[in-house]
Amino acid sequence: MLRFAPSPTGDLHIGNLRVALFNYIVAKQKNKRFIVRIEDTDQARNVEGKDKEILEILKLFGIEYDDLIYQSKNLHFHQNLAFKLLEEGKAFVCFCSEEELEKEREKAKKERRPYRYSGKCENLTLKEASQRRGKFVIRVKKPATPIKFRDLIKGEQQFSPFEVDSFVILRSNGMPTYNFACAIDDMLSDIELIIRGEDHLSNTPKQIHIRNLLGYTKEVEYAHLPIILNEEGKKMSKRDKASSVKWLLEEGFLPQAIINYLILLGNQTPQEVFTLQEAIEWFDIGKLSKTSAKFDLAKLRFLNRKHLEKLDPKLLAQKIGVKEELGELVKLYLEEASTLKELKEKIRKVLEEKREFGEFKREAQELKEIIAQLELPTEFEEFKKEVMKRSSLKGKRFFKPLRLILSGADKGPEISLLYRHLRPEIKELIKL
RNA sequence: GGCCCCAUCGUCUAGCGGUUAGGACACCGCCCUUUCACGGCGGUGACGGGGGUUCGAGUCCCCCUGGGGUCGCCA
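Criteria and cut-off values
For every chain, the first residue of its written sequence is number 1, and the numbers climb from 1 along that sequence. Whichever chain is written first is A, and whichever ligand is written first is 1; the rest continue in order. A pLDDT threshold of at least 70 governs which residues receive local features in this predicted model, and a stricter bar of 80 or more applies before side-chain atom pairs are shown or counted, although totals over entire chains, interfaces and linings include all residues. Excluding hydrogens and water, the side-chain values take into account all heavy atoms of the structure. Neighbouring residues are identified by heavy atoms, a residue being near a molecule or strand if any of them is within 4 Å of it. Nitrogen and oxygen atoms within 3.5 Å of one another constitute a polar contact, given that in protein one can donate a hydrogen and the other can accept it, and given that sequence-neighbouring residues count only through two side-chain atoms. For helices the rule is a DSSP run of H or I covering at least 4 residues; for strands it is a run of E covering at least 2, with both sets numbered from the N terminus onward. Here the nonpolar group is Ala, Val, Leu, Ile, Met, Phe, Trp, Tyr, Cys and Pro; Asp, Glu, Lys and Arg are the charged ones; every other residue, Gly included, is treated as polar. To form a nonpolar core, buried Ala, Val, Leu, Ile, Met, Phe, Trp, Tyr and Cys residues must be joined to one another through side-chain atoms within 4.5 Å. Relative accessibility thresholds used throughout: buried, under 20% of the residue-type maximum; exposed, over 50%; partly exposed, between the two (1.4 Å probe, protein chains only). Domain segmentation is taken from an automatic or database assignment of domains. Contacts are assigned to residue pairs with any non-hydrogen atoms lying within 4.5 Å of each other. To define axes, lines are fitted to C-alpha atoms, for helices over the stretch in contact only, and angles between the resulting N-to-C directions are given on a 0 to 180 degree scale. What sets the label is the angle itself: under 35 degrees gives roughly parallel, over 145 gives roughly antiparallel, 65 to 115 gives roughly perpendicular, and the rest give oblique. In a left-handed crossing the near helix is turned counterclockwise from the far helix by less than a right angle, and in a right-handed crossing that turn is clockwise.

**Student:** Describe the protein's contact with RNA strand B, listing the residues and the values that go with them.
**Tutor:** Within the structure, RNA strand B sits among 57 residues, and Arg171, Lys234, Gly266, Glu272 and Glu335 are positioned closest to it. In RNA strand B, atoms within 4 Å of the protein come from the sugar-phosphate backbone in 71% of cases. Within the backbone of Gly266, one N or O atom sits 3.2 Å away from a sugar or linking oxygen of RNA strand B. Backbone polar atom of Lys294 to a phosphate oxygen of RNA strand B: 3.0 Å apart, as the coordinates give it. Of all the secondary-structure elements, those providing two or more residues to the surface near RNA strand B are helix 4 (98–110), strand 5 (137–140), strand 12 (293–294), helix 12 (297–310) and helix 18 (396–407). Among the elements that line the surface near RNA strand B, the one with the most residues is helix 12, at four residues. In terms of residue class, the surface near RNA strand B is built from 15 nonpolar, 15 polar and 27 charged.

**Student:** Which residues make up the nonpolar core, and what values do they have?
**Tutor:** Counting residues in each nonpolar core, the largest one holds 53 residues, and the members touching the most others are Phe22, Ile263 and Ile285. Ranked by residue count, the leading element in this core is helix 1 (residues 14–30), at ten residues. Here this core spans two domains, since at least three of its residues come from each of domain 1 (2–65 + 228–302) and domain 2 (72–225). The residues contacting Ile285, other than those within four sequence positions of it, are Phe22, Val26, Leu152, Ile153, Ile195, Ala223 and Leu225. Leu316, Ala337, Leu376 and Val387 belong to the second largest nonpolar core, which has 43 residues in total.

**Student:** Which residues make up the domain arrangement of chain A, and what are the values?
**Tutor:** By domain assignment, chain A separates into domain 1 (2–65 + 228–302), domain 2 (72–225) and domain 3 (313–429). The centre of domain 2, based on its C-alpha atoms, is set 67 Å off from the matching centre of domain 3.

**Student:** Account for the packing of helix 16 (residues 361–373) against helix 17 (residues 380–391), with residues named and values stated.
**Tutor:** The interhelical angle for the contact between helix 16 and helix 17, taken along N-to-C directions, is 120 degrees, at an axis separation of 10 Å. Comparing the axis directions of helix 16 and helix 17 gives the class oblique. Crossing of helix 16 over helix 17 shows right-handed handedness. Contacts between helix 16 and helix 17 involve Glu366, Leu367, Ile370 and Ile371 from the former and Phe383, Val387, Arg390 and Ser391 from the latter. Residue composition of the contact of helix 16 with helix 17, grouped by class: five nonpolar, one polar and two charged.

**Student:** I'd love a proper account of the packing of helix 10 (residues 255–264) against helix 12, names of residues and values included.
**Tutor:** For any two helices packed against each other, one specifies the crossing angle of their axes together with the interaxial distance. Across the interface, helix 10 lies against helix 12 with an axial gap of 8 Å and an inter-helix angle of 135 degrees. Taken together, the axis directions place helix 10 and helix 12 in an arrangement best described as oblique. For the element pair helix 10 and helix 12, the recorded crossing hand is right-handed. Contact residues: Gln256, Ala257, Ile258, Asn260, Tyr261 and Leu264 in helix 10; Lys299, Leu300, Leu303, Asn304 and His307 in helix 12. For the contact of helix 10 with helix 12, a count of residues per class yields six nonpolar, four polar and one charged.

Written out as structure tokens, the structure is:
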């Protein structure tokens, strides 16, 4: 069983989409089930409706899941198991206030040493604890020996008890913390391979520690993906527009192109342009680069154009909101545009924008009058010959204004092709 | 700062002891063209530094430097 576990606290991030994608691909390859788990234990930060939005995006990208779980539904497991650890002496009640801890953190920072829990409440007995009043949390006792695990991408990993620390597993409001809930849910769902971002690497020993204490012996495999960097080489954040899947979609990038790019990034693939189905055939998580990669919008644009080129003309026309017959014309403009948004704008200019003829005003007027009276032949050559004959114009003074009439721009796709696909519209275009 | 990870063109990468260090995107030039962010052809451009090991190092080892991640009652 594999899983994707987003939190409904913000827009789906491009890095998260990649995590979902890889989990999906590997599940398909291994013929395992794949579930989505919404991590909603932080009520304060949950955003109403974000879960649905995330699910919709997954659907749009063709990432299908076998089951959907809400982490909050497992609350009773989390709480019961926290108390079990407490009773067994593997966890303890901690009364340290947040202010107190904050002070210690600042002190640690000033002394340039990493902050770790002081251990102050570690030896409080349950009896002593029950006699005290005030808010408290439950912390797990840090392990006695280093925690080791194997990562499919990073190799063997080892973390000292000091790095794991005695961390909080149950908050003062009774809700589990991320690491605790996550460790338990993965156990309950029988997750065998966890593919997630590198930023979770240091969480992994904590989660393993929890399951160890709970007596869970099954070994879980990990693959921590290098994070995606922005152009400055920093972790992509909400500040980077391209990090938002929603934004990319609005800009007119095709889901299949985004998928292509996310698989290509930091990877060795047999082709540059491919479909998700093809990738499932050869994708190898172990071949992913250990180095974090910068997000390259230019490359995405290139791939998007390639996928746009593969689209059925009618479907393409539909996507940019023009009649299906104009699909071939839209395709012509792929040589000048890389996204649906740009394409839409190009086509709008051809079909709707008022023409500016500049120095060719007189010639354009002459051509328009001729065209208005002409029965338009199928072939451009014929059309050209006829209009030329009737007009007395030739060369640049013929082609420039003609191009302007047909497309509204002084440059663009080959004029004979424009004519072929635009022919039914020409009588209208000369009125612009 | 502690811990962890990483290091080949601007970007993504190939390379697994002997290569003119290859490809793709981007960029530039030429051709085609009335024109073009299409197409064809070509070009600029990289092994971070220092020590070893070796006949020989981008490839193996060490150090330095640089970059990234992480150190919450967030996930």
